[in-house]
2 protein chains.
Amino acid sequence: MTRRSALPATPAYDPHAFPPFAVTVDMVVLTIADGRLQVVLVERGAPPFEGSWALPGGFVHVDESLDAAAARELTEETGVRAAKHLDQFGAYGDPDRDPRMRVVSVAYLAILPEIGALAAASDARNAELVAVDKLLRRRPARQLAFDHRAILRDAVEVARTKLETTSVATAFVDREFTLTDLRVVYETIWGETLDAGNFRRKVLSTPGFVTPTGYRAQPGPEGGKPPDLYRAGRTRLAPLDPPMRRTGRR
Amino acid sequence: MTRRSALPATPAYDPHAFPPFAVTVDMVVLTIADGRLQVVLVERGAPPFEGSWALPGGFVHVDESLDAAAARELTEETGVRAAKHLDQFGAYGDPDRDPRMRVVSVAYLAILPEIGALAAASDARNAELVAVDKLLRRRPARQLAFDHRAILRDAVEVARTKLETTSVATAFVDREFTLTDLRVVYETIWGETLDAGNFRRKVLSTPGFVTPTGYRAQPGPEGGKPPDLYRAGRTRLAPLDPPMRRTGRR
DNA sequence: GGAATAGTGTCTCTGAGACAGTATAGT
DNA sequence: ACTATACTGTCTCAGAGACACTATTCC
């Protein structure tokens, strides 16, 4: 049995002393577009799973940290600026998850207000925003490569929980937003409707969640009172205490 | 740049096609002994960090899943029976975390009611239970090998949060326990005192948390009313809704 | 004015916290 | 009796939820 302590105490790489793994990062980049939760996918341009869709990601370089690899891959593969808050939420390493070799993938969650032009990277034929519910329902519109369906499902659950316990929802909206914008984020990701008045009280009574700008937005095309504009509070990940409750009401 | 899609679509291992990593699992095995939160450590019997203390762990085998490796290492290194609930909580992969080679370690949390005889495994000189606060305070009693101090700190925070949101506390106590036993678990891990009456109401009003046995324990050496005995509820990880609140009171 | 959206006020109910009071053991 | 521990009852307060009401815009 190969054990850590059986290895020579040298920085030199001895390929026969331990089982060699490939280590990758996979990015779950979530955003809200057209009123739905969407995720960035790339169409693979090479085997395995050539032509099918997958989460963006790639190999960790020899000299970079996991977090750095995640930030790099996000920029490289989607053309999106590196987000400040990349959240590592799991490692996936089943022996057969990649037909070529033994791969352990570290999964990261990124939450963005909007995705700019999606530039397909070198090894991706294409890059698209796809509605998450189309991918996770019982009969998915697309089969994802590898175990990316499970990774995506876990990521969505992490996002749902983070909405409960932190002020991360402000990462889904533009720099200036109305409280209705923010409430729609919760409603979209949780899949339930929230009382506008109660939501308002909860957000405004949480220190550091939002800060008023003093300005108002234009009313919508169907009229209505012009809503107040806010910005994200000082700390993007302020803990909500007590947390925002998810009731399960539709 | 080496990318996943640039690799040949073959299961064969080509050591030049991707940066080779070693993948390990590290186990944070927590228990409560002598009224304190304690963790299982092993004294390393080989370089690097020979003679210093570390979390038990080791290389993932080529053909086993991460979870299986964690369960195997736990049994092998500590002689402890494989716990049902091994909780993966993070991957640690800084380039310089192991002086020998590039290692990514997947960290697991195990919670046990008591640790039997600690049998030092082949590559460990020794195995011991050590109080967690002695390791995490500003001037630690022992320096841990690698980045195991950071891993331990993260694990403790995960355990604290799991006490809030799940009924995992029953994993710290014996099969039959009193509600005072259970409350002491919270008080020990959170480092604060809880009102016995309110704690009782909260636990008993949570479906699936505990089930009464109908029996009573003997009173303590200083007398008192004999306390009712309970067992863990049906689901060891029942979600607490609303969660148990951690107030920060001492 | 009517419709639509934003925002406020208020009532109720649940649950946490504080803490007094009761129960049952040992000494 | 006294003490120690276990358990119960009760009061208060904070916060969530429901929902009516007001405010400000467009048509």
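Computed from a predicted structure; not experimentally measured. (Residues numbered from 1 in each chain as written. Chains lettered and ligands numbered in written order. Predicted model: local features only at pLDDT ≥ 70, side-chain atom pairs only at ≥ 80, totals over all residues. Heavy atoms only, no water.)

Here we look at the overall build of chain A
Line of reasoning, step 1. Looking only at helices and strands, one finds five helices and nine strands in chain A.
Line of reasoning, step 2. Of the regular secondary structure in chain A, the N- to C-terminal order runs β-β-β-β-α-β-β-β-α-α-α-α-β-β.
Line of reasoning, step 3. When the backbone C-alpha atoms are referred to their principal axes, chain A occupies close to 70 × 40 × 30 Å.
Line of reasoning, step 4. The buried share among the 250 residues of chain A stands at 52%.
Line of reasoning, step 5. With the model as given, the accessible surface of chain A reaches about 11,600 Å², and the carbon-plus-sulfur share is 49%.
Line of reasoning, step 6. For chain A, the distance from the average site of its 34 positive side-chain charges to the average site of its 32 negative ones is 6 Å. (Helix = DSSP H or I, 4+ residues; strand = E, 2+ residues; numbered from the N terminus. Buried < 20%, exposed > 50% of the residue type's maximum accessible area, 1.4 Å probe, protein only. Areas by Shrake-Rupley, 256 points an atom, 1.4 Å probe, with all protein chains shown as cover. Lys, Arg positive; Asp, Glu negative; His and termini not counted. Charge placed at Lys NZ, Arg CZ, Asp CG, Glu CD.)

Re the protein's contact with DNA strand C
Line of reasoning, step 1. As a matter of local geometry, DNA strand C sits amid 23 residues, with Arg200(A), Glu222(A), Asp228(A), Lys202(B) and Thr247(B) nearest to it.
Line of reasoning, step 2. Restricting attention to atoms of DNA strand C within 4 Å of the protein, one finds that 70% of them are sugar or phosphate atoms.
Line of reasoning, step 3. Lys225(B) has a polar backbone atom sitting 3.4 Å from a base oxygen of DNA strand C. (Near = heavy atom within 4 Å. Polar contact = N/O pair within 3.5 Å; in protein donor to acceptor, adjacent residues only side chain to side chain.)

Some thoughts on the packing of helix H3 (residues 148-165) of chain A against helix H4 (residues 179-190) of chain A
All names here are of chain A.
Line of reasoning, step 1. Remark: H3 packs on H4, axes separated minimally by 10 Å, with the N-to-C direction vectors making an angle of 145°. The handedness of the crossing between H3 and H4 is left-handed. Where H3 abuts H4, its residues Arg-160, Leu-163 and Glu-164 lie against Val-185, Tyr-186, Ile-189 and Trp-190.
Line of reasoning, step 2. Among the residues making up the contact of H3 with H4, the classes are represented as five nonpolar, no polar and two charged. (Axes fitted to C-alpha atoms, helices over the stretch in contact; angles between N-to-C directions. Left-handed = near helix turned anticlockwise from the far one by under 90°. Contact = heavy atoms within 4.5 Å. Nonpolar A, V, L, I, M, F, W, Y, C, P; charged D, E, K, R; others polar.)

Topic: the protein's contact with DNA strand D
Line of reasoning, step 1. Around DNA strand D sit 23 residues in total, of which Lys202(A), Thr247(A), Arg200(B), Glu222(B) and Asp228(B) are the nearest.
Line of reasoning, step 2. The sugar-phosphate backbone supplies 69% of the atoms of DNA strand D found within 4 Å of the protein.
Line of reasoning, step 3. Arg200(B) places a polar side-chain atom, nitrogen or oxygen, 2.8 Å from a phosphate oxygen of DNA strand D.
Line of reasoning, step 4. Elements supplying a minimum of two residues to the surface near DNA strand D: helix H5 (196-204) of chain A together with helix H5 (196-204) of chain B.
Line of reasoning, step 5. Tallied by class, residues from the surface near DNA strand D come to four nonpolar, eight polar and eleven charged.

Some details on helix H3 (residues 148-165) of chain B
Line of reasoning, step 1. With 18 residues, H3(B) should cover 26 Å at 1.5 Å per step; its first-to-last C-alpha distance of 26 Å lies within 8% of that length.
Line of reasoning, step 2. By the burial criterion, the buried members of H3(B) are His148(B), Ile151(B), Leu152(B), Ala155(B), Val156(B), Ala159(B), Lys162(B), Leu163(B) and Glu164(B). (Expected span 1.5 Å × (residues − 1).)

Regarding the packing of aromatic side chains
Line of reasoning, step 1. For the structure shown, the criterion picks out six aromatic pairs over all chains.
Line of reasoning, step 2. For the pair Tyr186(A) and Phe199(A), a centre-to-centre distance of 5.4 Å together with 65° between the ring planes defines the contact as edge-to-face. With Tyr186(A) in helix H4 and Phe199(A) in helix H5, this residue pair connects regions lying 13 residues apart in the sequence.
Line of reasoning, step 3. Its relative accessible area of 0% is what places Tyr186(A) among the buried residues.
Line of reasoning, step 4. Linked through ring pairs, Tyr186(A), Trp190(A) and Phe199(A) together constitute an aromatic cluster.
Line of reasoning, step 5. Just above the ring of Trp53(B) sits the side chain of Arg142(B); from NZ or CZ to the centre is 4.4 Å. (Phe/Tyr/Trp six-rings, centres within 6.5 Å; stacked < 30°, edge-to-face > 60°. Lys NZ or Arg CZ within 6 Å of the ring centre and 35° of its normal.)

Some remarks on the side chain of Gln38(B)
Residues and elements named next belong to chain B.
Line of reasoning, step 1. Its location among the elements puts Gln-38 in strand S2 (residues 36-44).
Line of reasoning, step 2. A relative accessible area of 7% means that Gln-38 is categorised as buried.
Line of reasoning, step 3. Among the polar contacts made by the side chain of Gln-38, one reaches the main-chain carbonyl oxygen of Ala-33 at a distance of 2.9 Å.
Line of reasoning, step 4. A polar contact of 3.3 Å, which involves the side chain of Gln-38, links it to the backbone nitrogen of Ala-131.
Line of reasoning, step 5. With residues up to four places along the chain from it excluded, the contact list for Gln-38 reads Val-29, Leu-30, Thr-31, Ala-33, Leu-129, Val-130, Ala-131 and Val-132.

A word on the environment of Asp133(B)
Residue and element names in this part refer to chain B.
Line of reasoning, step 1. Position of Asp-133 relative to the elements: it lies in helix H2 (residues 132-136).
Line of reasoning, step 2. For Asp-133, a relative accessible area of 41% puts it in the partly exposed group.
Line of reasoning, step 3. Once the C-alpha coordinates of Asp-133 and Leu-182 are considered, the two residues, 49 residues apart in sequence, prove to be 20 Å apart.

Observations concerning the domain arrangement of chain A
How big an interface is tends to be stated in terms of accessible area lost as the parts join.
Residue and element names in this part refer to chain A.
Line of reasoning, step 1. By domain assignment, chain A separates into domain 1 (20-141) and domain 2 (164-232).
Line of reasoning, step 2. For domain 1 and domain 2, the distance between their C-alpha centroids amounts to 29 Å.
Line of reasoning, step 3. Residue-level contacts link ten residues of domain 1 with eight residues of domain 2.
Line of reasoning, step 4. Of the roughly 710 Å² buried between domain 1 and domain 2, counting both surfaces, carbon and sulfur atoms make up 74%.
Line of reasoning, step 5. When the buried area of domain 1 at its contact with domain 2 is split by residue, Ile-32, Ile-111 and Pro-113 rank highest and sum to 67% of it.
Line of reasoning, step 6. At the boundary of domain 1 and domain 2, one finds zero salt bridges.
Line of reasoning, step 7. There are zero residue pairs in polar contact (both at pLDDT 80 or more) connecting domain 1 and domain 2.
Line of reasoning, step 8. Taken together, the elements giving at least two residues each to the side of domain 1 that touches domain 2 come down to strand S1 (22-33) and strand S2 (36-44).
Line of reasoning, step 9. Among the elements that make up the side of domain 1 that touches domain 2, the one with the highest residue count is S1 (three residues). (Domains from an automatic or database assignment. Buried area = accessible area lost by both parts, 1.4 Å probe. Salt bridge = Lys/Arg side-chain N within 4 Å of Asp/Glu carboxyl O.)

Some words on the confidence of the model for chain A
Line of reasoning, step 1. Per-chain confidence: chain A averages 88 in pLDDT, with 90% of residues scoring 70 or above.
Line of reasoning, step 2. Here residues 1-16 of chain A scores under 50 on pLDDT; set against residues more than four positions off or in separate chains, the count is 40 contacts. (pLDDT = per-residue confidence, 0-100.)

Regarding the pairing of S2(A)
Residue and element names in this part refer to chain A.
Line of reasoning, step 1. Burial analysis of S2 places eight of its nine residues in the buried class, the great majority of the element.
Line of reasoning, step 2. Of the pairings in the sheet, the one linking S1 to S2 comprises four bridges and is antiparallel in character. When the sheet's bridge partners are listed, Thr-31 is paired in S2 with Gln-38.
Line of reasoning, step 3. Taking the residues between adjacent antiparallel strands as the criterion, S1 and S2 are bridged by two residues, where Asp-34 takes a positive phi near 55°. (Pairing = 2+ DSSP bridges.)

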